[in-house]
Amino acid sequence: MALRLIIGNKNYSSWSMRPWMAMKAAGIAFDETVISLDAPDFKERILKFSPAGKVPVLVDDDRRIWESLAIIEYIADKFPQAGLWPADAAARAHARTVAAEMHAGFASLRRHYPMNIWRVTKRRELTPEVEADVARIDALWTDCRARFGKGGPFLFGPFGAADAMYAPVVSRFHTYCIEVSAGARAYMDAMMALPAWSEWTTAARQEPWVLARCEVDWPDVLKG
């Protein structure tokens, strides 16, 4: 039975984007089911697969795995040849550290700058709390690239799990024209050049659902 990934709107659901990007960029075959976050039966449909009642959820035969990072860890174990975590122990430990930091942190960035792929690229003033998040992320990316990124354009060289965790951050920085260092910009450019990125964002722009709570310019919807 094929793997099945149940996700929310591609335009808005950053947590759905993370395992999807990891699996797609690694060449892992799977089916997908998209359920809009504002669907009247959203909770009812998701609770059939996850007691948490949230997306994403990975279905593998009789196994149900929810939470983005848990899904990525499961996929990395199931497909070790995909190399989602670095082979070197020190690099692997650091990759898991920065992935977990993303999973647990940067609440101000996520709250004030929701992922919105179809929005025109337009600057939005940063709050001091978001400025601190941006500075930390820029420093984190720069450090990973300097210490572990010599084998490719991503945080640990080739694309991997840590990059999948930061993919929605790249989208946010791009959408809201957030200024970053030259090194961070080069990393963003590499991410946005991935075929998987193009596939996700193309589908996102074609979705019919509009979620007012994710549109920071509401009642205007600034589609690019």
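Only a predicted model underlies this, so the values are computations on that prediction, with no experimental measurement involved.

(A) Local environment of the overall build of the chain. Counting secondary structure elements, the chain contains nine helices and four strands. Along the chain, helices (α) and strands (β) appear in the sequence β-α-β-α-β-β-α-α-α-α-α-α-α when read from the amino end. At 17 Å, the chain has a C-alpha radius of gyration in line with the 17 Å of a compact globule built from 224 residues. If you line up the chain on its principal axes, its C-alpha atoms span 45 × 45 × 30 Å. Counting every position in the chain, which comprises 224 residues, the buried fraction comes to 50%. Contacts spanning at least 24 positions in sequence make up 70% of the contacts within the chain whose residues lie at least 6 apart. For the chain, the accessible area works out to roughly 10,100 Å², and carbon and sulfur atoms hold 53% of it. Computing the positive centroid from 28 side-chain charges and the negative centroid from 27, the chain places the two 1 Å apart.

(B) Just helix 6 (residues 128–148), in detail. Here helix 6 spans 30 Å end to end across 21 residues, near enough to the 30 Å set by a 1.5 Å rise per residue. If you check which residues of helix 6 are buried, you get Val130, Asp133, Val134, Ile137, Asp138, Leu140, Trp141, Cys144 and Phe148. All buried residues of helix 6 project into a common sector of 160 degrees when viewed along the axis, lining one side. Residues of helix 6 that are buried in the fold lie against helix 4 (89–104), helix 5 (107–112), helix 7 (161–175) and helix 8 (182–192).

(C) Representation of a positive patch on the surface within the structure. Taken together, the side chains of Arg4, Arg45, Lys48 and Arg64 present a region of like positive charge at the surface. Note that lysine 48 resides in the loop between helix 2 (42–46) and strand 3 (57–60). The class of lysine 48 is exposed, set by a relative accessible area of 61%.

(D) View of the packing of aromatic side chains. Summed over all chains, the structure comprises 10 aromatic pairs. Each ring, one from tryptophan 141 and one from tyrosine 166, has its centre 6.2 Å from the other, and the planes form 80 degrees; the classification is edge-to-face. Of the two residues, tryptophan 141 is situated in helix 6 and tyrosine 166 in helix 7; the sequence distance between them amounts to 25 residues. In this structure, tryptophan 141 and tyrosine 166 share a single accessibility class: buried. Here a set of aromatic residues connected by ring pairs shows up, and it is made of Trp141, Phe154, Phe159, Tyr166, Phe173 and Tyr187. Here the basic side chain of arginine 18 rests over the ring of tryptophan 15, its NZ or CZ set 4.2 Å away from the ring centre.

The rules behind the values
- Residues numbered from 1 in each chain as written.
- Predicted model: local features only at pLDDT ≥ 70, side-chain atom pairs only at ≥ 80, totals over all residues.
- Heavy atoms only, no water.
- Helix = DSSP H or I, 4+ residues; strand = E, 2+ residues; numbered from the N terminus.
- Rg over C-alpha atoms; globule rule 2.2 N^0.38 Å.
- Buried < 20%, exposed > 50% of the residue type's maximum accessible area, 1.4 Å probe, protein only.
- Contact = heavy atoms within 4.5 Å.
- Areas by Shrake-Rupley, 256 points an atom, 1.4 Å probe, with all protein chains shown as cover.
- Lys, Arg positive; Asp, Glu negative; His and termini not counted.
- Charge placed at Lys NZ, Arg CZ, Asp CG, Glu CD.
- Expected span 1.5 Å × (residues − 1).
- Arc of directions from axis to C-beta.
- Patch = residues over 30% accessible without salt bridge, like charges linked within 9 Å, V, L, I, M, F, W, Y side chains within 5 Å.
- Salt bridge = Lys/Arg side-chain N within 4 Å of Asp/Glu carboxyl O.
- Phe/Tyr/Trp six-rings, centres within 6.5 Å; stacked < 30°, edge-to-face > 60°.
- Lys NZ or Arg CZ within 6 Å of the ring centre and 35° of its normal.

Any functional reading would require information beyond the geometric quantities listed.
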